[in-house]
Amino acid sequence: MATNRRFFLKQIGLGAAGLSIAPSLQSFGNSSSIAKTTSSLPRSKPEEQGISSSGILEFLDEVQKSKIGFHSIMILRHGHVVAEGWWAPYGPALKHTLYSLSKSFTSSAVGFAVAEKRFTIDDKVISFFKEELPATVSDNLAAMKVRHLLTMTTGHVKDTMPPIREAKDASWSKTFLAQPVEREPGSFFLYNTGASYMLSAIVQKRTGQPVIEYLKPRLFEPLGIEGMDWESNAQGVNVGGYGLRVKTEDIAKLGQLYLQKGTWKGKQLLPASWVEEATRKQVNSNPSSADYSADNDWAQGYGYQFWRCSTGGFRADGAFGQFSIVLPEYDAVVAVTSESFNMGASMKLIWNYLLPAMKQAPTTSADESIQKKTKERLKNLSLDLPNGSISSPVVQRISGKSFQIDNNEFKVASLSFMFRNDSCVFTVKDDKGEHRVECGLNIWTDQNKPMVLFSVPGRTDVSTKVSASAIWTNENTLVIMERFTETAHGDQLTCTFEGDQLDVKFLNSVANGNPNNGEKRANLKGRTMA
């Protein structure tokens, strides 16, 4: 992706259910935890909608080989969910941080507001913020319109979000407007998350509601989307360009709404004309960059906070591989959540293995042996855990003992490990109290309450559900894995026991997947307390 987008990721983020193919009347695979409601999308067997089960199985095989951290996938054809799944410990009831996929929801809010004549996309940006303008308004700033915010053609040559975030509690709109606008608006594409924030701020200015509240009766409630949350700044404005959390099926519903040109259950929610304009190529997207080949999925053009795809169609797209991919030619939608460090490779798996599986003619026949194999595979789908043993001779010596920890950045006073038959309770005592994490031994165990320890990347200011697992990689080394299951990310603690000494080494999942952004936390060191 473009350098400016990678910089955005660094600024904001780095600073057990299996997959089931859903048949018409009964569960295929492990879908017992999927709660169907009247607001759920209709389900169907893959073959009934012209998709082969063998193609889905081949896709899963290739995902496994790729080592890309998929967390969920939902495939829709002809308006029906034909395959859905979650790599344990992720599950259907969990929200997931969307990163920049949030932008497409913000764009939808603009579409509703324009339809209600709250403003037009040709209104000047400065007209909404007369009290926050710089002392001197440049000609380029004066010329900037809402459409330039939508298409990332504001004229800036650097993403405005880094200085906005660095300003902390200062007005984000004022900070945006103070940035130099080096080029004529409309003449230059630059992925600019500050522009998406300004769209959110404009919607709130003209409607009197944050985007999340404004969308409730217009989008979320009609689509049956519940339990969402969206990060806000100190001024109470949803950040717009990222920070929304919804479930996988909700991502799929957004894609299906756009596939249906804004209609839902026979009612026109978004104007079809807005959907058409939002999802067509409005501007070229980085066409001259040396690393952008003809089939690169970021070189196909940009609409109103939507990307075009190399295979046709369009997508809402967020960092680490959050996708709502809409393929009108196939009458299909593919929703994905993940922690991918090669989003292009993630999409290539879909293009190379799922699209060929989408045949035109539905059928009720299928190879029963392939269906059975796929079904068995899906029951056991999970994120990889380290190889090792569930026990060690060290357990008898350390179980129930506390380790006094040397001075450290987290103000941790002590750590302890209590082993049971199938779990290890890892207890942290710091200046805020006692925190207990129950780790399944070579299995994922969900915690009773949201928590985040040791300041890992991601939305660390927002509580998230946690699942944890532990394994002995050798008789002196216990590896604890945590997944923050309402985000894309996780953490790993490698605990080494030598005599009465303990050394804890951190490795967050972002650093593990991208060595160029390595782990910055120092080891914890301590010894057995008398």
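How each quantity is defined
Residues numbered from 1 in each chain as written. Predicted model: local features only at pLDDT ≥ 70, side-chain atom pairs only at ≥ 80, totals over all residues. Heavy atoms only, no water. Helix = DSSP H or I, 4+ residues; strand = E, 2+ residues; numbered from the N terminus. Core = buried A, V, L, I, M, F, W, Y, C linked by side-chain atoms within 4.5 Å. Buried < 20%, exposed > 50% of the residue type's maximum accessible area, 1.4 Å probe, protein only. Contact = heavy atoms within 4.5 Å. Pairing = 2+ DSSP bridges. Expected span 1.5 Å × (residues − 1). Axes fitted to C-alpha atoms, helices over the stretch in contact; angles between N-to-C directions. Parallel < 35°, antiparallel > 145°, perpendicular 65-115°, else oblique. Left-handed = near helix turned anticlockwise from the far one by under 90°. Salt bridge = Lys/Arg side-chain N within 4 Å of Asp/Glu carboxyl O. pLDDT = per-residue confidence, 0-100. Polar contact = N/O pair within 3.5 Å; in protein donor to acceptor, adjacent residues only side chain to side chain.

With an omega of 15 degrees, the peptide bond running from Ala88 to Pro89 counts as cis. Along the chain, Pro89 turns up in the loop between strand E4 (80-86) and strand E5 (96-97). Its identity is not glycine, yet Lys265 carries a phi of approximately 50 degrees, on the positive side. Examined against the element boundaries, Lys265 turns out to sit in the loop between strand E8 (263-264) and strand E9 (267-268). We note that Phe320 has phi near 65 degrees; this positive angle belongs to a residue other than glycine.

Next up on the list: the nonpolar core. Grouped together as the largest cluster of nonpolar side chains are 115 residues, with contacts concentrated most on Phe59, Phe105, Leu149, Leu215, Tyr258, Trp274 and Ile325. Setting aside its immediate chain neighbours within four residues, Tyr258 contacts Ser104, Ser108, Leu270, Trp274, Val275, Ala278, Thr279, Phe306 and Phe314. Ranked by size, the runner-up nonpolar core spans 33 residues in total, among them Phe410, Trp472, Phe497 and Phe506.

What follows is about the pairing of strand E17 (residues 433-441). Of the strand pairs in this sheet, strand E16 (residues 423-430) and E17 are connected by 8 bridges, and their pairing is antiparallel. What sits directly across from Lys429, in E17, is Glu434. Counted between consecutive antiparallel strands, the loop separating E16 from E17 contains 2 residues. Examined bridge by bridge, E17 and strand E19 (residues 466-474) share 2 bridges and lie parallel to one another. Opposite Gly440, over in E19, you have Ser469 as the bridge partner.

Here Thr445 lies in strand E18 (residues 445-446). Classification of Thr445 as buried rests on a relative accessible area of 17%. Separated by 22 residues in the primary sequence, Thr445 and Ser467 have C-alpha atoms spaced 5.2 Å apart. Discounting residues that sit within four places of it in the chain, Thr445 has contacts with Glu438, Cys439, Gly440, Val466, Ser467 and Ala468.

Attention now goes to helix H10 (residues 248-259). Helix length check: H10, at 12 residues, gives a terminal C-alpha distance of 17 Å against a target of 16 Å (1.5 Å per residue), a fit within 8%. Most of H10 is tucked away, with 12 of its 12 residues classed as buried. Taken as a whole, H10 has its buried residues at Thr248, Glu249, Asp250, Ile251, Ala252, Lys253, Leu254, Gly255, Gln256, Leu257, Tyr258 and Leu259.

All right, on to the packing of helix H2 (residues 53-66) against helix H12 (residues 343-354) then. Two measures define how a pair of helices packs: the angle their axes make with one another and the distance between the axes. Look at H2 against H12: their axes get within 9 Å of each other, and the N-to-C directions meet at 150 degrees. Overall, the two elements H2 and H12 adopt an arrangement that is roughly antiparallel. Classified by chirality, the crossing of H12 by H2 is right-handed. Counting all contacts with H2, which are made through Gly55, Ile56, Glu58, Phe59, Glu62, Val63 and Ser66, the residues of H12 involved are Leu349, Ile350, Tyr353 and Leu354.

Looking now at the pattern of salt bridges. Summed over the entire model, instances satisfying the criterion amount to 21 salt bridges. The closest approach of N and O atoms between Arg527 and Asp406, which form a salt bridge, is 3.2 Å. One end of the pair, Arg527, is in strand E23 (residues 524-528); the other, Asp406, is in the loop between strand E14 (402-405) and strand E15 (412-419), and 121 residues separate them in sequence. What makes Arg527 partly exposed here is its relative accessible area of 34%. The closest approach of N and O atoms between Arg521 and Glu519, which form a salt bridge, is 2.6 Å.

Pairing is antiparallel across the open sheet formed by 3 strands, whose spatial order is E5-E7-E6. A single partner strand is all that each edge strand has here, and the edge strands are E5 and strand E6 (229-230). Across 2 bridges, E6 lies against strand E7 (residues 244-246) in antiparallel orientation. The partner of Asp229 across the bridge, within E7, is Arg245.

In the predicted model, the protein carries a mean pLDDT of 90, and 90% of its residues have values of at least 70. Of the regions scoring below 50 in pLDDT, residues 10-33 engages in 80 contacts with residues more than four places distant in sequence or in other chains.

Mapped onto the elements of the fold, Arg218 is located in helix H9 (residues 211-223). The class for Arg218 is buried, based on a relative accessible area of 18%. A distance of 2.7 Å separates the side chain of Arg218 from the side chain of Glu116, its partner in a polar contact. Reaching out from Arg218, the side chain makes a polar contact with the backbone oxygen of Tyr214 at a distance of 2.8 Å.

So, about the environment of Lys372. Checked against the element boundaries, Lys372 lands in helix H13 (residues 368-379). The exposure class of Lys372 is exposed, given its relative accessible area of 58%.

Here we come to the side chain of Asn508. Of note, Asn508 is situated in strand E22 (residues 501-508). A polar contact of 2.8 Å, which involves the side chain of Asn508, links it to the backbone nitrogen of Ala511.

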